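What follows is the residue order along each chain.
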Amino acid sequence: LSYVVVLLIPTLICSVFFIYSFFVTWEETKGANTSALQFVADEIDDIFNRALKMEYNIQNNGKLNVVSKLKGKLSLEDYYKIVVAREECEQYDVWDEAISSYGIFLPEIGIFFGQGNYRDLAERYELTAEEYGISVEKLKELLFTRHEKDFFVNEANNTICYITTIPRTGTRIKMNVIVEL
């Protein structure tokens, strides 16, 4: 009996310390993981907020609003307005390190503004689709459909793209904005 007591008491004491250490370690690990996850969530939220801020700036860009009202066959004056609007958009080219690129599509005139260029999409769908890593059909669907803060994956660059329609109200699509994060 005395041997059992001598062996049992240290075993119980070690077991209590083991269980106490296990729960302390568990709580510390859980707290550290929660902090790490919260940090990642805050970083992702910050990146998405930057995309929303860029969308807001584009939406309130006066020269882009003038161009977004163009329809039908374009005159030389209309093309000049497009060039001026594109130059106005150059301020967004190095706007934020979290944003890789952006594109502004004006469906009623078939013009796509991007970083450093603009193009008439009637003949350039394949190049633009390749840049976004999607098929031409998927590109046309994205560009000519109303979006409410949607996301898609750019498989060519392994990035996430945010796409939204401006304005958000009404049936007319003045522009679709794509922000590559």
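Please refer to the structure placed before this passage.
Only a predicted model underlies this, so the values are computations on that prediction, with no experimental measurement involved.

Procedures and definitions
- Residues numbered from 1 in each chain as written.
- Predicted model: local features only at pLDDT ≥ 70, side-chain atom pairs only at ≥ 80, totals over all residues.
- Heavy atoms only, no water.
- Helix = DSSP H or I, 4+ residues; strand = E, 2+ residues; numbered from the N terminus.
- Expected span 1.5 Å × (residues − 1).
- Buried < 20%, exposed > 50% of the residue type's maximum accessible area, 1.4 Å probe, protein only.
- Contact = heavy atoms within 4.5 Å.
- Patch = residues over 30% accessible without salt bridge, like charges linked within 9 Å, V, L, I, M, F, W, Y side chains within 5 Å.
- Areas by Shrake-Rupley, 256 points an atom, 1.4 Å probe, with all protein chains shown as cover.
- Salt bridge = Lys/Arg side-chain N within 4 Å of Asp/Glu carboxyl O.
- Phe/Tyr/Trp six-rings, centres within 6.5 Å; stacked < 30°, edge-to-face > 60°.

Caption draft 1: View of helix α1 (residues 2–59). With 58 residues, α1 should cover 86 Å at 1.5 Å per step; its first-to-last C-alpha distance of 84 Å lies within 8% of that length. Where α1 is concerned, the buried positions are Ala-51, Met-54, Glu-55 and Ile-58. The secondary structure elements touched by the buried residues of α1 are α2 (62–68), β1 (101–106), β5 (159–166) and β6 (175–180).

Caption draft 2: Region of the structure containing a nonpolar patch on the surface. A surface patch of nonpolar side chains, amounting to about 590 Å² of accessible area, comprises Phe-18, Ile-19, Phe-22, Phe-23 and Trp-26. Relative to the helices and strands, Phe-22 resides in helix α1.

Caption draft 3: Up close: the environment of Thr-169. With respect to the secondary-structure elements, Thr-169 resides in the loop between β5 and β6. Separated by 21 residues in the primary sequence, Thr-169 and Glu-148 have C-alpha atoms spaced 10.0 Å apart.

Caption draft 4: The packing of aromatic side chains, seen in detail. What the rule picks out here adds up to five aromatic pairs. With a centroid separation of 6.3 Å and 25 degrees between ring planes, the pair formed by Phe-22 and Trp-26 is classed as stacked. Here Phe-22 and its partner Trp-26 are both found in helix α1, four residues apart, which amounts to about one turn of the helix. Residue Phe-22 is classed as partly exposed on the basis of its relative accessible area of 43%. A ring pair is formed by Phe-48 and Phe-151, whose centres lie 4.9 Å apart and whose planes are at 55 degrees; its orientation type is tilted. Of this pair, Phe-48 sits in helix α1 while Phe-151 sits in strand β4 (residues 150–154); the two residues are 103 residues apart in sequence, bridging distant segments of the chain. Overall, the relative accessible area of 29% leaves Phe-48 in the partly exposed class. Residue class for Phe-151 comes out partly exposed when judged on its relative accessible area of 44%.

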